Amino acid sequence: MTKSQNISVIINGEPISASVPLRTNLVDFLRNQVGLTGSHVGCEHGVCGACTLEVDGSMIRGCLMLAVQADGAEITTIEGFADREKAAQLQLSFQKYNALQCGYCTPGMLASALEYIEAGGKADRAAIRQHLSGNYCRCTGYQSIVDAVVAVIEQGGKQ
Amino acid sequence: MKAAEFDYLRPSNLGAALDLLANESADVQILAGGQSLMPMMNFRLAQPELLVDLNGLEELQFIRQTDSHIQIGSMTRYCELETSSLIQQHVPLLSIALPHIAHSAIRNRGTIGGSTALADPAAEMPALLIALNATIVTRSREGQRSTEASKFFLGLYETALDSGELIESISIPKSTTGSACGFYELARRHGDYAMAGVAVTAQRTDPINDARVVFFAISDRAIRAETVENHLNGLSELTEEGLENARKEIDKLDFHGDLNAEVSTKRHLAKVVFKRAIEEMMR
């Protein structure tokens, strides 16, 4: 029998209580039980960054935290980022600079880029690349992703 | 893959955690930041029966100073070390090395105690603690004891931790006037496990003394290279000849290959990282 525990969390501003299997990680809980499929599951060992999401104000790997550990926490996923000014600008900028192709890495990439910008990161390409080093993109070669992030920092994503 | 089944408990204080850890009838594993343990469980390389989650134990989360030392609670996260003015001021080697430890999202969860207890031969923390002459303070129900970092890391994922014991804190001597440090690692991608890396410290007096050179990701554990240090100590200035003599000793270290690189590659890379770390130290 699967061992479970009740948790109460706030997800994108909405309080949710659920019984979660102990062995379920946070991103699987969000996708399979809550139905928020914006956070993606790639490698399941913390290397690819596709599951990056925010817990209590810190960007973390959704595959390397158990859902049960999130009890009492405030979680923001890509679905919730849209309400934040810089996230909305990043999304437009990604579109404009073709910073995505298949889109699999994009939710995690946006989360990491958002963390960089909200922390006051400069429009320094090397520093942006270093900050995004934990997010794999197999389509774009990163150039356009860095372009999109630089544009938001320099001009808020506008022309 | 997904982790196998386990029980999970989150004790509310250190005493309760130590009681759970003392249970010898079950395969108990401490969950710290989980940034290495969770992957190992997902790969089913680790299948503990009971996870004891130390997250939330505020008594293990601190960075404080005494006259001579910086003391860091074992559940202190890398992101907290990165932004700590005490660390920046008194443990500069840690400050320059932290950005190389995995990626931001990992540093937001990963803890200094977790990495120390795991003793991954490719991880930065064991080498840094040996280079910093740190002391690892451990605790069990029987009491507290202290172990020098140089005697704590015994081999591949092997430490001096006894069963029923956990790391309580790490104590690092404050950097003194005249001391200098350098750090360099080569990885396939910034933040990935290194293919070879080194931490160096020394007193930049005339002559140089008290050099400490500790390699990681080249063997089955972090290795202090005393034979290399001997060539640095006593030099009035760092000449090309002095550096070459030190580099020759690197060849004789106990290299182990891994998935990233074979022995001959690691031997070459060890000399590269050594040169760059020394350049940083002497800058």
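Before going further, it helps to spend a moment on the pairing of strand S10 (residues 166-173) of chain B. Residues and elements named next belong to chain B. Taken across its eight residues, S10 has seven buried, putting it largely inside the fold. Bridge analysis of strand S5 (residues 69-73) against S10 gives five bridges, and the strand direction is antiparallel. The residue bridging Gly 73 from the neighbouring strand is Ser 169, located in S10. Bridging between strand S6 (residues 135-140) and S10 involves five bridges; their strand directions are antiparallel. By the bridge assignment, Ile 136 is partnered in S10 with Ile 170.

What follows concerns the environment of Tyr 193 of chain B. Residues and elements named next belong to chain B. The topology assignment puts Tyr 193 in the loop between strand S11 (179-187) and strand S12 (194-203). Judged by its relative accessible area of 42%, Tyr 193 is partly exposed. Sequence separation between Tyr 193 and Ala 123 is 70 residues; the distance between their C-alpha atoms is 6.6 Å. Ignoring any residue separated from it by four or fewer positions in sequence, one finds Tyr 193 in contact with Ser 36, Asp 120, Ala 122, Ala 123, Ala 187 and Asn 260.

Next up on the list: the packing of helix H4 (residues 106-118) of chain A against helix H6 (residues 143-155) of chain A. Residue and element names in this part refer to chain A. At a minimum axis distance of 11 Å, the contact between H4 and H6 shows a crossing angle of 35°. The interaxial crossing formed by H4 with H6 has right-handed handedness. Contacts between H4 and H6 involve Met 109, Ala 113, Tyr 116 and Ile 117 from the former and Ile 145, Val 149, Val 152 and Ile 153 from the latter. Of the residues in the contact of H4 with H6, the class split is eight nonpolar, no polar and no charged.

Below, the discussion takes up the domain arrangement of chain A. Residue and element names in this part refer to chain A. On domain assignment, one finds that chain A holds domain 1 (4-80) and domain 2 (84-154). Between the C-alpha centres of domain 1 and domain 2 the distance comes to 22 Å. Taken together, the contacts link 14 residues of domain 1 with 14 residues of domain 2. Interface area for domain 1 against domain 2, summed over the two sides, is near 1,100 Å², with a carbon-plus-sulfur share of 54%. On the domain 1 side of the interface with domain 2, the three residues burying the most area are His 40, Met 59 and Ile 78, jointly 41% of the side's total. Seen at the junction of domain 1 and domain 2, the total is one salt bridge. With its nearest N and O atoms 3.1 Å apart, the salt bridge here joins Glu 54 to Arg 84. Connecting domain 1 to domain 2 are six residue pairs in polar contact (both at pLDDT 80 or more). Of the residues assigned to the side of domain 1 that touches domain 2, the class counts are six nonpolar, six polar and two charged.

With that out of the way, let us pick up the sheet that holds strand S13 (residues 209-216) of chain B. All names here are of chain B. Here four strands make up an open sheet; going across it, the order is S11-S12-S13-S14 and the pairing antiparallel. Both outer strands of the open sheet, S11 and strand S14 (223-224), are each paired with one neighbouring strand and no more. The strands touched by helix H11 (residues 263-282) are S11, S12 and S13; relative to S11, the strand with the most contacts, the crossing angle is about 145°.

One pass over the structure, following the stated rule, counts 21 salt bridges over all chains. In this structure, Glu 44 of chain A and Lys 2 of chain B form a salt bridge, with 2.3 Å as the shortest nitrogen-oxygen distance. On the criterion of chain membership, the pair formed by Glu 44 of chain A in the loop between helix H1 (26-33) and strand S3 (52-55) and Lys 2 of chain B in the segment before strand S1 (7-9) is interchain, its members lying in two chains. On the basis of relative accessible area, Lys 2 of chain B is assigned to the partly exposed category, the value being 33%. Between Arg 224 of chain B and Glu 229 of chain B there is a salt bridge whose closest N-O contact spans 2.8 Å. A relative accessible area of 3% means that Glu 229 of chain B is categorised as buried. Each member of the salt-bridge network shares a partner with another, and the members are Asp 28 and Glu 44 of chain A together with Lys 2 of chain B.

Next up on the list: the pairing of strand S7 (residues 143-148) of chain B. Residues in a regular strand project their side chains so that they alternate between the two faces of the sheet. For S6 of chain B and S7 of chain B, the ladder comprises six bridges, and the chain directions are antiparallel. Looking at S7 of chain B, one finds that Ser 140 of chain B is bridged to Gly 143 of chain B.

This paragraph deals with the nonpolar core. Ranked by internal contacts, the top residues of the largest apolar core, which has 39 residues, are Leu 94, Leu 128, Leu 129 and Ile 172 of chain B. When residues of this core are assigned to their parent elements, the largest contribution, six residues, is made by helix H8 (residues 124-131) of chain B. Residues within four places of Leu 128 of chain B in sequence aside, it is in contact with Leu 93, Leu 94, Ala 97, Ile 101, Phe 183 and Ala 199 of chain B. If you look at the next biggest cluster of nonpolar residues, it comprises 36 residues, including Cys 63 and Ile 75 of chain A together with Phe 6 and Ile 106 of chain B.

What follows covers the packing of aromatic side chains. Residue and element names in this part refer to chain B. Scanning the model with the defined rule gives three aromatic pairs over all chains in all. The interplanar angle of 20° and the centroid separation of 5.7 Å between the aromatic rings of Phe 183 and Phe 216 together place this pair among those described as stacked. One end of the pair, Phe 183, is in strand S11; the other, Phe 216, is in strand S13, and 33 residues separate them in sequence. With respect to class, Phe 183 is no different from Phe 216; both count as buried.

It is worth spelling out helix H3 (residues 85-96) of chain A at this point. Compared with an ideal rise of 1.5 Å per residue, which puts 12 residues at 16 Å, H3 of chain A spans 17 Å between its outermost C-alpha atoms and is within 8% of the ideal. Looking one or two residues beyond H3 of chain A, the residue adopting positive phi is Asn 98 of chain A, at roughly 50°.

Calculation criteria
- Residues numbered from 1 in each chain as written.
- Chains lettered and ligands numbered in written order.
- Predicted model: local features only at pLDDT ≥ 70, side-chain atom pairs only at ≥ 80, totals over all residues.
- Heavy atoms only, no water.
- Buried < 20%, exposed > 50% of the residue type's maximum accessible area, 1.4 Å probe, protein only.
- Helix = DSSP H or I, 4+ residues; strand = E, 2+ residues; numbered from the N terminus.
- Pairing = 2+ DSSP bridges.
- Contact = heavy atoms within 4.5 Å.
- Axes fitted to C-alpha atoms, helices over the stretch in contact; angles between N-to-C directions.
- Left-handed = near helix turned anticlockwise from the far one by under 90°.
- Nonpolar A, V, L, I, M, F, W, Y, C, P; charged D, E, K, R; others polar.
- Domains from an automatic or database assignment.
- Buried area = accessible area lost by both parts, 1.4 Å probe.
- Salt bridge = Lys/Arg side-chain N within 4 Å of Asp/Glu carboxyl O.
- Polar contact = N/O pair within 3.5 Å; in protein donor to acceptor, adjacent residues only side chain to side chain.
- Core = buried A, V, L, I, M, F, W, Y, C linked by side-chain atoms within 4.5 Å.
- Phe/Tyr/Trp six-rings, centres within 6.5 Å; stacked < 30°, edge-to-face > 60°.
- Expected span 1.5 Å × (residues − 1).

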